[in-house]
Amino acid sequence: DLLRVLKLRSGGDVTIKALTIQDGFSRSYAANDEGQYIENFSGVGGGVRIEVYGNNALNMESVIIQDNVSMTDGAGAFLVLQEGIMTIANSVFQNNLACPQCPIKLAITTDEGVVESGFGPSGGAMWFNVLAGRTDLINNTIFANTAKTGLGGGIRMSMNATGNESYARLFNNLFFENVAADEGNDIWMQYDVGSDFQPQ
């Protein structure tokens, strides 16, 4: 039941310009035998899912991402960068909805079994995940997006490398009327999952 508009995995540079992505939908969870909702990360990204591997670039410019729904994370977009530079510029993210029917907490499958997540699905407009590298958000408008049960009604940013090897820079962006059930109506930023780097 995946009706995502665009899915792309690339080992080279990716550039998307002057494109409208709307009315996408992804069903990103499943229920186990006990009735628990289990995240299925292959389904995240209601409008678009892009993964760029290697030391390559992802550029999005003059893109409109609107009216998309994900049953879990990244309703408008789920973007993964392995170690290059991601630039999102002059774009609009509006009226995207993460998880309209989800319970407050989901169950996550780990090596130790099934555990309950501390929060629900996140990233109404987008969730970007930078493994190592840099993300620049420049001159974007991000409004009226919702993470109904989670973090980052506008965007969730996950910077996963240690030290200063992954970071984000935001210049002249406009955020308004975004809503998150848990934290970060406009932005929820996670720097360094190893917790050994404090951003300036």
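Above this note sits the structure.
Residues numbered from 1 in each chain as written. Predicted model: local features only at pLDDT ≥ 70, side-chain atom pairs only at ≥ 80, totals over all residues. Heavy atoms only, no water.

Caption draft 1: A look at the overall build of the chain. Each helix and strand counted, the chain has zero helices and 25 strands in total. Here the chain holds 200 residues, and the buried ones make up 49% of them. By element, 48% of the accessible surface of the chain is carried by carbon and sulfur atoms, the whole surface being about 9,000 Å². (Helix = DSSP H or I, 4+ residues; strand = E, 2+ residues; numbered from the N terminus. Buried < 20%, exposed > 50% of the residue type's maximum accessible area, 1.4 Å probe, protein only. Areas by Shrake-Rupley, 256 points an atom, 1.4 Å probe, with all protein chains shown as cover.)

Caption draft 2: How the structure looks around the pairing of strand β17 (residues 126–130). Among the five residues in β17, five count as buried, and that is most of the element. Sheet topology note: the strand β11 (residues 77–81)/β17 ladder contains five bridges and is parallel. The residue of β17 that forms the bridge with V80 is N129. Note that β17 and strand β21 (residues 155–159) share five bridges and pair parallel. Across the sheet, the residue bridging to W127 is R156, located in β21. (Pairing = 2+ DSSP bridges.)

Caption draft 3: Up close: the sheet that holds strand β10 (residues 69–70). A sheet is described by the order of its strands in space; here five strands give the open sequence β4-β10-β14-β20-β24, paired in parallel fashion. In the strand order of this sheet, the two ends are held by β4 (25–26) and β24 (179–180), each with one partner. In terms of strand pairing, β4 meets β10 through two bridges, oriented parallel. Directly across from S26, in β10, lies its bridge partner S70.

Caption draft 4: How the structure looks around the sheet that holds strand β23 (residues 174–176). The sheet built from five strands is open, its strands ordered β3-β9-β13-β19-β23 with parallel pairing. On the outer flanks of this sheet lie β3 (20–22) and β23, each paired with one strand and no other. Mean inter-strand twist for the sheet, computed between neighbouring axes without regard to direction, equals 5°. Sheet topology note: the strand β19 (residues 141–143)/β23 ladder contains three bridges and is parallel. Residue pairing for β23: T141 is matched across the bridge by L174. (Axes fitted to C-alpha atoms, helices over the stretch in contact; angles between N-to-C directions.)

Caption draft 5: The pairing of β11, seen in detail. Taking burial as the measure, the five residues of β11 include five buried ones, the bulk of the element. Along β11, one buried face is formed by A77, L79 and L81 and the opposite face, lined by F78 and V80, is buried too. Here strand β7 (residues 48–52) pairs with β11 via five bridges, running parallel. The partner of E51 across the bridge, within β11, is V80.

Caption draft 6: Fine view of the nonpolar core. Counting 27 residues, the largest nonpolar core has L79, M126, F128 and I155 as its most contacted members. Every element with two or more residues in this core is listed here: β2 (14–17), β7, β8 (58–61), β11, β12 (85–89), β17 and β21. Here M126 is in contact with G74, A77, L79, I88, F93, L137, I142, G154, I155 and R156, once residues within four sequence places are set aside. (Core = buried A, V, L, I, M, F, W, Y, C linked by side-chain atoms within 4.5 Å. Contact = heavy atoms within 4.5 Å.)

Caption draft 7: Here's a closer look at the side chain of R49. Structurally, R49 is set in strand β7. A polar atom in the side chain of R49 sits 2.6 Å from the side chain of E51. (Polar contact = N/O pair within 3.5 Å; in protein donor to acceptor, adjacent residues only side chain to side chain.)

Caption draft 8: Structural context of the pattern of salt bridges. Per the stated rule, a full pass over the model turns up five salt bridges. Close ionic contact of E61 with K17 constitutes a salt bridge, the shortest N to O distance being 3.9 Å. Here the residue E61 occupies a position in strand β8, and K17 occupies one in strand β2, the gap between them amounting to 44 residues. Using a relative accessible area of 32% as the deciding quantity, one classes E61 as partly exposed. Close ionic contact of D136 with R134 constitutes a salt bridge, the shortest N to O distance being 3.1 Å. Note on D136: relative accessible area 4%, which makes it buried. (Salt bridge = Lys/Arg side-chain N within 4 Å of Asp/Glu carboxyl O.)

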